[in-house]
Every structure is written in structure tokens, then in C-alpha cells.
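The primary structure of each chain is shown beneath.
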Amino acid sequence: MNKELIINASAEGVEIALLENKRLVELHFERGQGQFAVGDIYLGKIKKLMPGLNAVFVDVGYEKDAFLHYTDLSPYLRSLLKFTKACVEGNATWGDDFSRFKNEQEIMKSGKITEVFNGKPEVLVQVLKEPISSKGPRLSCEISLPGRFVVMTPFNDTVAISRKIHSAEERKRLQRIVESVKSKNFGVIVRTAAEGKNTAELHTDLMELEKMWKNIQKDLKGAKAPQMIMSEQDKTTSILRDLLNDSFQRVVANDKTLMNVAKDYISKVSPGQESIVSLHNNQQSIFETYGVAKQVKAAFGKTVNLHSGAYLIIEHTEALHVIDVNSGTRSPEAGQEANALATNLEAAQEIARQLRLRDLGGIIIIDFIDMKLADNRKQVLDAMEDLMATDRARHTVLPISKFGLMQITRQRLRPEINISTAEECPTCRGTGKIGPSILLADDIEKDLKYVVSQGIRKLKLSVHPIVEAYLTKGNILKPSLAKKWEKAMQIKLKVIADNNSPLTEYNFYDAATDDLIKL
């Protein structure tokens, strides 16, 4: 699979498009100084305990207090509180060697929020979900620092291997390597990308994350809540961190600074591969050049068309998303069951792409075309699971029910991407109303008299083809309107049909220079 990252920098921010085999599968936005992104770490202050919800509200500097539930507290919360307080006060007795830090007793998995928080202490928190709709950020006290091959979790010594690494031998090898090179008091989750990597590569990744933790400790000294302590890497490097492999063919940016950021990051994590990064300096928009703009127009909106003539209807509610699969103009020659299966398999491919592209989260209900055979329903389920295997968001796919419905839950971390593909009508300017067409000829004549009064005697009039026919139709006995105007005003007038012109729009041009005459 060929992957390309197209980075478009503009005055509003940065847009990043991920293409797989030339098809747009992910679209990310960075608007200026985006705060409260997933992964950001803050020094927050407990504002209000909510025993009924078994949660607390935390001030992290957002307009609404962030939400921290008991289930999102780390088992090592007491150690985290001790660490936070000591660092803020500049009393880190362990110095730069975190392995000397003495952990406190773990908290219970099913305890009460009032049992673990006394007063309103300051605590180190990490953004779990970005602010969505009227809700503030959701937080976690289970601090995790993601690297390219591993994720580091302070205050424990557990080593876990990604479930997507199936080989028992490879899992044991990675376990041995990580346990031999990691420092004490750091837990490690080995990512799928670590499969086949050697000791040096894993050790380098761990050292980078330990350095990051030392910087967090340093930045906490003298900090006052609410305050950002560490920002997640920008989207460009975080996408490269999670996805960069040999299948990446190209990274193109239209901004030199962003190009250098991407090149520097790749040179660190994958030396020799930085040649895939290039600068786009074509006059045409970068998204136009690589076909991103056209795919955005086709992929967003209520209706999404498929190649076969089938189409999807995507609707949104506060609680869930509903996707309806319609067969459209697909030929019925192969039989109803065969057509239903073929349409559903094609729809599954597009739906898996749409979930990533729009970043749809929560509950998704898909109304597939009814299939009578259980084997066909199983085939669609297997296809959907395979197609979503590359989706980085946690998800669960349930079998198709007897009503023909498939239920999917997908991790919701940030607001969904919603792009309006409709364009403002150039005639009514979005009002839904135009001037009376019966008076169009009178309006043209009035403006023509004004243009002639400016001393221009040879003109071209560009109008819609229907209007052109109306103005030029005539004969010897009954001259056309255009001929009447020529005679009355003593001018030369050429009426031109413009297929792209709205019905009631018209433009005058100076025939001598072809310049547009502004009215």
C-alpha cells in the first residue's frame, strides 16, 4: 500500500491529508495554537468533587472545567500526586534518576472519588478527549508518553505487548529486549510497529521518552495550575510517528518550515528515508495538484456516491450516526442476492474509509441491503473487520442483525470533521431568490444605455444561452431586441452565449480590448 502525506499550510492553519493508494483516508486540521488536544499534559487543580458521578471537575484553563472520572484515575494516583507536589515545590529528592522515586500504595480499582482526593490538590493530568460540543475536555491520570515503537507509562514496571503481534516467539523476544533495556519505575507498552525491530532501535525510543519525562519534571518546577506542561507533537510528526513505514512514498508540504520539521523527524527515526520529503512550489494549490480538493468535495456531505451507482446516506444525531446503503442504478441481472452482496461489500469499503475520514465516533448504525443467506452476512462482517483493521481508533464491530443492521462503536476522541461541500449560488447569493426574469431584458437595456453613455460604441454582451436566443431571435419584419438596441443607440453589439453563466447574470465587454466593463 502506497501512502502519501500532503501538508497544506495557510493563514487559517495547517491541513494534513493522508492518501492510501491515491485515495483520501484521513484529514486533519491544526487551527493556529490548538490547545487541549489528545495527549496534552497539564498541571490542573481540583475544583469540585462529584460523589454522585464518582468524578471530579478539574481546572486546566479551558472555559469549562474538565471532567475526570474515577475509572480514569491511575492505580498509581498517590504516587502521581506525590510526584506532582514534589516537582512543583522543587523538592524532587530523587533528582534526575527517576528509578530512585519511591512509589506509594496503589488505589482500589472500584473505590470512591472522595477516598482518594483530600481537599483540592494540584494534579498532573493528560487530555483523553478533546472538548466536544458543550462539554469540556475529558482527562486521565494514567500518563502515557507515546514513541514510535513503544508507549511509556511512569510509576510501574509492567511490560505489555500489542495484541496485534500474534507470533508467540516474537512477543517473547520483544519482552526480553524491553525488560533488559528499560529503567526502573517505567512501564512499557510495545506497539505493533516494534515487530521485527532490534535492541538498538527500541532502546533509542525508550531513551527519547525518558528524556521527555525528565523535561516534564523540569517544567513542573514552580508551575502554577492551570498550566500546560507538555504539548502533544504537532499533527505532522504524530501521524509520521504512528504510521511511518516502508510503504510511505511521499511527504509533500507547501511550507518550507513544515517540510524541514518533517525531514528532521524522519532523519531521527528512520535515517535515509528523509528523501521522501519534498517542497511543493507549483502555482497550483497543493490540494488541487494531488487530487485532495476533489476527493473532499466528493466524500463529504449527506450523500456519498459509489462507483457502481450505489450510494450512501449519512445522517448524524447527538447520540449516534446512521448510514443507509442504497443500491441506486446497479443492474439487477445477476440476481437480487448477488447484487445485494456486491453492493454491501463495496459500501463496506467506503464506510470504513468514511469513519476514518470524518473521524466519526460513538455508536454507528449501518443499514445494509437485506441479504437472506447467513454466509453472505458473515462475508460482509469479515470484510468490515478487515477493512477497519488499519483504523487507529479503538472499535468494535457487531454481526449484522436479523433486521439487516450492523452496529459499530468507535473511539470518540475529538469532534467529527464536518465540511460543507455545497457552494453559494452565484445568482441568488444564498438567498434562494432571484430578480424577476420577465424584467431581465429591461435591466440589460438600462445598463447598456449607461455603458454607451460612457463613450463605448462597440460591445460584447455575454449571457446565458436561453437569454442569447431570446435577444437575437428575429427576422426582417420583426427585428430582434439586439438589433433594435443597435439601431436606437447607434452602436455595434455582439451577443455571446456563455454555457457557464447563470440564467439572470450578464456581463458587458469592450469589443476593442475584451476588457470587462464594470457597472
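As the structure is a prediction and not an experimental result, all values here were calculated from the model.

Quick notes on the rules
- Residues numbered from 1 in each chain as written.
- Predicted model: local features only at pLDDT ≥ 70, side-chain atom pairs only at ≥ 80, totals over all residues.
- Heavy atoms only, no water.
- Helix = DSSP H or I, 4+ residues; strand = E, 2+ residues; numbered from the N terminus.
- Rg over C-alpha atoms; globule rule 2.2 N^0.38 Å.
- Buried < 20%, exposed > 50% of the residue type's maximum accessible area, 1.4 Å probe, protein only.
- Contact = heavy atoms within 4.5 Å.
- Areas by Shrake-Rupley, 256 points an atom, 1.4 Å probe, with all protein chains shown as cover.
- Lys, Arg positive; Asp, Glu negative; His and termini not counted.
- Charge placed at Lys NZ, Arg CZ, Asp CG, Glu CD.
- Pairing = 2+ DSSP bridges.
- Axes fitted to C-alpha atoms, helices over the stretch in contact; angles between N-to-C directions.
- Core = buried A, V, L, I, M, F, W, Y, C linked by side-chain atoms within 4.5 Å.
- Parallel < 35°, antiparallel > 145°, perpendicular 65-115°, else oblique.
- Left-handed = near helix turned anticlockwise from the far one by under 90°.
- Nonpolar A, V, L, I, M, F, W, Y, C, P; charged D, E, K, R; others polar.
- Phe/Tyr/Trp six-rings, centres within 6.5 Å; stacked < 30°, edge-to-face > 60°.
- Salt bridge = Lys/Arg side-chain N within 4 Å of Asp/Glu carboxyl O.

Draft legend 1. View of the overall build of the chain. Helix and strand counts for the chain come out as 13 helices and 25 strands. Against the globule reference of 24 Å for 519 residues, the chain gives a C-alpha radius of gyration of 31 Å, more extended than a compact globule. Referenced to the eigenvectors of the C-alpha coordinate spread, the extents of the chain come out at roughly 105 × 60 × 55 Å. Looking at the 519 residues of the chain, the share that counts as buried comes to 44%. In the chain, once contacts between residues fewer than 6 apart in sequence are set aside, the share between residues at least 24 apart is 67%. When the accessible surface of the chain is totalled, it reaches about 28200 Å², and 50% of it is carbon and sulfur. If you average the places of the 72 positive and of the 67 negative side-chain charges in the chain, the two averages end up 2 Å apart.

Draft legend 2. Region of interest: the sheet that holds strand β22 (residues 458-463). Pairing is mixed in the open sheet, where four strands are placed in the order β23-β22-β24-β25. With one partner strand each, in any of the chains shown, β23 (492-497) and β25 (516-517) form the two edges of the open sheet. By the bridge criterion, two bridges tie strand β24 (residues 507-510) to β25 in an arrangement that is antiparallel. Bridging across to β25, Phe 508 finds its partner in Ile 517. Together, β22, β23, β24 and β25 form the strand contacts of helix α11 (residues 440-453), whose direction differs from that of β22 by roughly 150°.

Draft legend 3. Spotlight on the nonpolar core. Core analysis: the biggest nonpolar cluster contains 59 residues, and Leu 73, Phe 83, Phe 117, Leu 124 and Trp 213 have the highest contact counts within it. Sorting elements by how many residues they give to this core places helix α1 (residues 77-88) first, with seven residues. Of all hydrophobic cores here, the second largest spans 27 residues; its members include Ile 323, Val 325, Val 397 and Ile 408.

Draft legend 4. Just the packing of α11 against helix α13 (residues 481-489), in detail. Orientation of α11 relative to α13, taken along the N-to-C sense of each, is 30°, at an axis distance of 12 Å. By the angle class used here, α11 and α13 are roughly parallel. You can see that α11 and α13 cross each other, and the crossing is right-handed. Across the interface between the two elements, Ala 441, Ile 444, Glu 445, Leu 448, Lys 449 and Val 452 from α11 touch Leu 481, Trp 485 and Met 489 from α13. Class assignment of the residues belonging to the contact of α11 with α13 gives a composition of seven nonpolar, no polar and two charged.

Draft legend 5. A look at the packing of aromatic side chains. In total, this model carries 14 aromatic pairs according to the counting rule given. Arranged with centres 5.7 Å apart and planes meeting at 25°, the rings of Phe 83 and Trp 94 form a pair that is stacked. Within this pair, whereas Phe 83 is found in helix α1, its partner Trp 94 is found in the loop between α1 and α2 (113-116), the two being separated by 11 residues in sequence. When sorted by exposure, Phe 83 lands in the same class as Trp 94, which is buried. Both rings, one in Phe 83 and one in Phe 98, keep their centres 5.7 Å apart while their planes meet at 85°; by these two values the pair is edge-to-face. Linking Phe 83 in helix α1 with Phe 98 in the loop between α1 and α2, this pair joins segments that are 15 residues apart in sequence.

Draft legend 6. Highlighting the side chain of Glu 486. Turning to its location among the elements, Glu 486 is positioned in helix α13. Overall, Glu 486 belongs to the buried group, its relative accessible area being 15%. Residues contacting Glu 486, with those up to four places away along its chain left out, are Ile 491, Lys 492 and Leu 493.

Draft legend 7. Main features of the pairing of strand β19 (residues 362-367). Note that strand β18 (residues 320-326) and β19 share five bridges and pair parallel. When the sheet's bridge partners are listed, His 321 is paired in β19 with Ile 364.

Draft legend 8. Quick look at the environment of Pro 436. Tracing the sequence through the fold places Pro 436 in the loop between β21 (405-410) and α11. The exposure class assigned to Pro 436 is exposed, which follows from its relative accessible area of 52%. Put simply, Pro 436 and Val 495 are 59 residues apart on the chain and 21 Å apart in space, counted from C-alpha to C-alpha.

Draft legend 9. Structural detail: the sheet that holds strand β14 (residues 248-253). Spatially, β3-β2-β1-β14-β15 is the arrangement adopted by the five strands of the open sheet, whose pairing is mixed. Each edge of the sheet is formed by a strand with only one pairing partner; in this case those strands are β3 (23-30) and β15 (277-279). Taken over all neighbouring pairs, the strand axes of this sheet differ in orientation by 20° on average, direction set aside. Both strand β1 (residues 3-10) and strand β2 (residues 13-20) contribute to a ladder of eight bridges, which runs antiparallel. Residue Asn 8 lies in a different strand from β2, and its bridge partner there is Glu 15.

Draft legend 10. The pattern of salt bridges, seen in detail. By the definition in use, this model includes 18 salt bridges. For Arg 410, the salt bridge is made with Asp 391, and the minimal N-O distance between the two is 2.8 Å. Of the two residues, Arg 410 is situated in strand β21 and Asp 391 in the loop between α10 (374-387) and β20 (395-397); the sequence distance between them amounts to 19 residues. Classification of Arg 410 as buried rests on a relative accessible area of 6%.

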